[in-house]
Amino acid sequence: MSDNSPMQFGEVAPITENRSAAAPETIEVRRGQWGVRGSGDTSGFGGLTRTVELPGESARPYGSWFDTVVDILEELITDAGIEVKDVIERVVVDRDELTIFVTREHILEVTRWLRDDQDLRFELCLGVSGVHYPHAKGRELHAVYHLMSVTHNRLLRLEVTAPDDDPKIPSVVSVYPGNDWHERETWDLFGIVFTGHPGLTRTALPDDWVGHPQRKDYPLGGIPVEYKGATVPPPDTRRSYN
């Protein structure tokens, strides 16, 4: 099978060693099991150190059909009179999966190109997920879109970042209507505001809820729970680490 041929069902991209040209990006170094400092950590993991890293930008050739998709997308960007560097921040191939980091200003155009171009045909968006990296200054919030080409049997991931102090990313519901609920959920739990969404309301929490509980800076617990007449205090009030 040539690199330009669509993959058959059940096939995966061939593994290519040392594809990453840039060193992994260190987001945070976590110490201890719960981030506790001093003698308050009773978990026994006070000496644990873990580095949170994101894969670095990959070098060509990416392998499989990845080069073809990126080439076509870059051609479409250029034909629109836009600089590629203003749209694509970087391309990452990790664990034989393709991720294209796109600037938030152009996510709507990119999804439309990916859906409509006959050689791309990513007709289906499987949803958008949120990620919060509080130590990644200026791009703490990540929105991750999972696209599938039913025509070519391909999976592609787009990733868009936004800062905590301006958590806005254009909605792609006009391109992928099925993303309506997923954007609402991501706003509900992470606080990413999808501008242009037809009805950005909460999905899991009450409308008057304050905060977004899957952010890393959201307090643990905070609501007393009653069980068969007994009251269980919120987790963050059961033991003080101060």
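Preceding this section is the structure that the text describes.
The structure reproduced in this document is the subject of the present report. (Residues numbered from 1 in each chain as written. Predicted model: local features only at pLDDT ≥ 70, side-chain atom pairs only at ≥ 80, totals over all residues. Heavy atoms only, no water.)

1. Some details on the packing of aromatic side chains
Part 1 of the reasoning: Counted under the stated rule, the structure contains 1 aromatic pair.
Part 2 of the reasoning: Ring geometry for W65 and F66: centres 4.6 Å apart, planes at 85°, overall edge-to-face. The pair W65 / F66 is uniform in exposure class, with both members buried.
Part 3 of the reasoning: Between the NZ or CZ atom of R90 and the centre of the ring of F101, over which it lies, the distance is 3.9 Å.
Part 4 of the reasoning: The ring of W187 carries R202 above its face, with NZ or CZ at 5.1 Å from the centroid. (Phe/Tyr/Trp six-rings, centres within 6.5 Å; stacked < 30°, edge-to-face > 60°. Buried < 20%, exposed > 50% of the residue type's maximum accessible area, 1.4 Å probe, protein only. Lys NZ or Arg CZ within 6 Å of the ring centre and 35° of its normal.)

2. Considerations on the sheet that holds strand β3 (residues 88–94)
Part 1 of the reasoning: Sheet architecture is open: 5 strands sit in the order β3-β4-β7-β6-β5, paired in mixed fashion. Looking at which strands have only one partner, the edges of the open sheet turn out to be β3 and β5 (124–132). The mean inter-strand angle of the sheet, taken between neighbouring strand axes irrespective of direction, is 20°.
Part 2 of the reasoning: Across the sheet, helix α1 (residues 66–79) lies against β3, β4 (97–102) and β7 (154–162), angled at about 170° from β3, the strand it touches most.
Part 3 of the reasoning: Seen against the sheet, helix α2 (residues 107–116) touches β4, β6 (141–149) and β7 and runs at an angle of roughly 175° to β7. (Pairing = 2+ DSSP bridges. Helix = DSSP H or I, 4+ residues; strand = E, 2+ residues; numbered from the N terminus. Axes fitted to C-alpha atoms, helices over the stretch in contact; angles between N-to-C directions. Contact = heavy atoms within 4.5 Å.)

3. Side note on α2
Part 1 of the reasoning: Residues of α2 that are buried include every one of I107, V110, T111, W113 and L114, and no others. With its buried residues spanning 160° around the axis, α2 presents them on a single face.
Part 2 of the reasoning: In this structure, the buried residues of α2 make contact with α1, β4, β6, β7 and β8 (168–170). (Arc of directions from axis to C-beta.)

By themselves these figures say nothing about function.
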